[in-house]
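For reference, the chains in residue letters:
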Amino acid sequence: MQILGQIWMQFNTLGLLLRGGMHLAHSDTVPLLPDGRAAQTLLLVGNAGPALWRAFSASPEYADGQAHPLNRWTRRQLDAVAAPFYGTVLYPFDAAPAWPFQRWATRCEPVHPSPLGLMVHPQYGLWHAYRGAILVAPLLALAALVPAASPCQTCAGYPCLSRCPVGAFTPGGYNVAACAAHLALPEGQDCLGAGCLARRACPVGAEFAQAPTQNAFHMRAFRDAMAGAKP
Ligand code: B12
Ligand code: SF4
Ligand code: SF4
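Since the structure is predicted, the reported quantities are computational estimates derived from the model, not experimental observations.

Here we look at the sheet that holds strand E3 (residues 88-90)
Point 1. Overall, antiparallel pairing links the four strands, which are arranged E1-E2-E6-E3 in an open sheet. Both outer strands of the open sheet, strand E1 (17-23) and E3, are each paired with one neighbouring strand and no more. Ignoring which end each strand starts from, the neighbouring axes of this sheet average 25 degrees apart.
Point 2. One ladder, built from six bridges, connects E1 with strand E2 (residues 41-48); its direction is antiparallel. Of the residues in E2, the one forming a bridge with Leu18 is Val45.

A closer look at the pairing of E2
Each regular strand displays side chains that alternate between the two surfaces of the sheet.
Point 1. Across the eight residues that make up E2, a large majority, eight, are buried.
Point 2. Residues Thr41, Leu43, Val45 and Asn47 line one face of E2 and the alternating positions Leu42, Leu44, Gly46 and Ala48 line the opposite face, and both faces are buried.
Point 3. Inspection of the sheet shows E2 paired to strand E6 (residues 128-136) by eight bridges, in the antiparallel sense. Residue Ala48 lies in a different strand from E6, and its bridge partner there is His128.

Examining the site of ligand 3
Point 1. As a structural note, the neighbourhood of ligand 3 is formed by 13 residues, with Cys164, Phe169, Cys179, Cys191 and Cys196 the closest of them.
Point 2. At the level of elements, helix H7 (176-183) and helix H9 (197-200) are the ones that each hand at least two residues to the shell around ligand 3.
Point 3. Residues belonging to the shell around ligand 3 are distributed by class as follows: 12 nonpolar, one polar and no charged.

Concerning the packing of helix H1 (residues 2-14) against helix H4 (residues 69-82)
Point 1. Between H1 and H4, whose axes approach to 11 Å, the crossing angle comes to 155 degrees. Of the possible angle classes, the one that applies to H1 and H4 is roughly antiparallel. The two elements H1 and H4 cross, and the hand of that crossing is right-handed. From H1, Ile7, Gln10, Phe11 and Leu14 reach across to H4, where they touch Trp73, Gln77, Leu78 and Val81.

Observations concerning the pattern of salt bridges
Point 1. On inspection of all chains with the given rule, the structure shows eight salt bridges.
Point 2. Where Asp35 meets Arg37, a salt bridge forms, and the shortest distance between an N and an O atom there is 2.9 Å.
Point 3. Since its relative accessible area comes to 40%, Arg37 is described here as partly exposed.
Point 4. Between Arg76 and Glu61 there is a salt bridge whose closest N-O contact spans 2.5 Å. A residue pair is termed long-range when its members are at least 10 positions apart, and Arg76 in helix H4 and Glu61 in helix H3 (residues 60-63) qualify at 15 residues.
Point 5. On the basis of relative accessibility, which here comes to 40%, the residue Arg76 falls in the partly exposed class.

What to know about the packing of H7 against helix H10 (residues 212-226)
How two helices sit against one another is set out by the angle between their axes and by the gap between those axes.
Point 1. Interaxial distance between H7 and H10 falls to 10 Å at its minimum, and their mutual angle equals 110 degrees. In this view, H7 runs roughly perpendicular relative to H10, as classed from their interaxial angle. Between H7 and H10 lies a crossing whose hand is left-handed. Here Val176, Cys179, Ala180 and Leu183 of H7 lie close against H10, whose contacting residues are Met219, Phe222, Arg223 and Met226.
Point 2. Classifying every residue of the contact of H7 with H10 by side-chain character gives seven nonpolar, no polar and one charged.

Rules of the game
Residues numbered from 1 in each chain as written. Chains lettered and ligands numbered in written order. Predicted model: local features only at pLDDT ≥ 70, side-chain atom pairs only at ≥ 80, totals over all residues. Heavy atoms only, no water. Pairing = 2+ DSSP bridges. Helix = DSSP H or I, 4+ residues; strand = E, 2+ residues; numbered from the N terminus. Axes fitted to C-alpha atoms, helices over the stretch in contact; angles between N-to-C directions. Buried < 20%, exposed > 50% of the residue type's maximum accessible area, 1.4 Å probe, protein only. Near = heavy atom within 4 Å. Nonpolar A, V, L, I, M, F, W, Y, C, P; charged D, E, K, R; others polar. Parallel < 35°, antiparallel > 145°, perpendicular 65-115°, else oblique. Left-handed = near helix turned anticlockwise from the far one by under 90°. Contact = heavy atoms within 4.5 Å. Salt bridge = Lys/Arg side-chain N within 4 Å of Asp/Glu carboxyl O.

This is how it looks when you write it as structure tokens:
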């Protein structure tokens, strides 16, 4: 409890949220802690709404013109949060293959896969993301996950599925190439500048929607990654 309380206090100023936690099983393949012990608890860190953007956009990483500013800011903050507990942090932008953040999320909080592939949260809708997973040695006492139905089950008309101008969301999955090609065209500037139209169409958690500047930051990073450039 002491660890959780201390983490929460630091997150207040960073715009981060402790999204829940889970006890690790033998089948969870995660690295050993820096001191050689096995981690027993994973704490899932994320953000929702505009709070993180306020903290990040005032940081040196945001202004330094170097590549991957948000990833570097996140690593600096979370590594510092975990260090006093001899913890280690796994990041959604690290590892090949990727750490299964979305699968972990289903064990930590009441999220469900949406038709877009993003996890939908009953409160935040699609306006949330994961920033890291803190691994610590103790078996922490965690609040039980309270299940909640997916908002998609009762969604009228699935507006997220009909808004993409290039029909990138297909029964076979997300057509990344079609999306990326659209973003390079003049017609794609709405998505690029203000965020994915399909994501913006979801009525759940509208009050947590990211500001256009934040959406533009993420969309440009996505476009540049698709183009093989260094964002
Ligand atoms: C690769 C990747 C991409 C690729 C390809 C995605 C694709 N082909 O679908 C690209 C670069 C295109 C991409 C784009 C974006 N991404 Co992305 N991406 C990832 C990344 C790094 C790895 C995903 C992966 O391969 N996982 C591997 C498998 C092993 O992990 P997994 O957890 O088991 O994931 C699977 C399960 O969720 C499973 N699944 C599906 N249904 C169910 C149901 C159950 C019950 C279970 C257990 C599992 C399950 O399907 C997933 C994929 O295989 C993750 C970060 C991460 N490490 O998870 C972010 C991530 C999925 N992306 C995210 C986001 C937000 C985006 C963008 C919207 C970013 C943006 N621009 O704002 C864009 C979408 C583009 C757009 N139009 O807006 C978020 C999603 C958050 C959420 N709410 O779920 C993640 C989690 C990153 C984060 N920091 O939070 N992304
Ligand atoms: S628009 Fe409806 S179906 Fe799509 S993610 Fe939102 S709640 Fe789910
Ligand atoms: S960003 Fe635009 S083109 Fe890409 S998936 Fe979203 S709505 Fe479709």
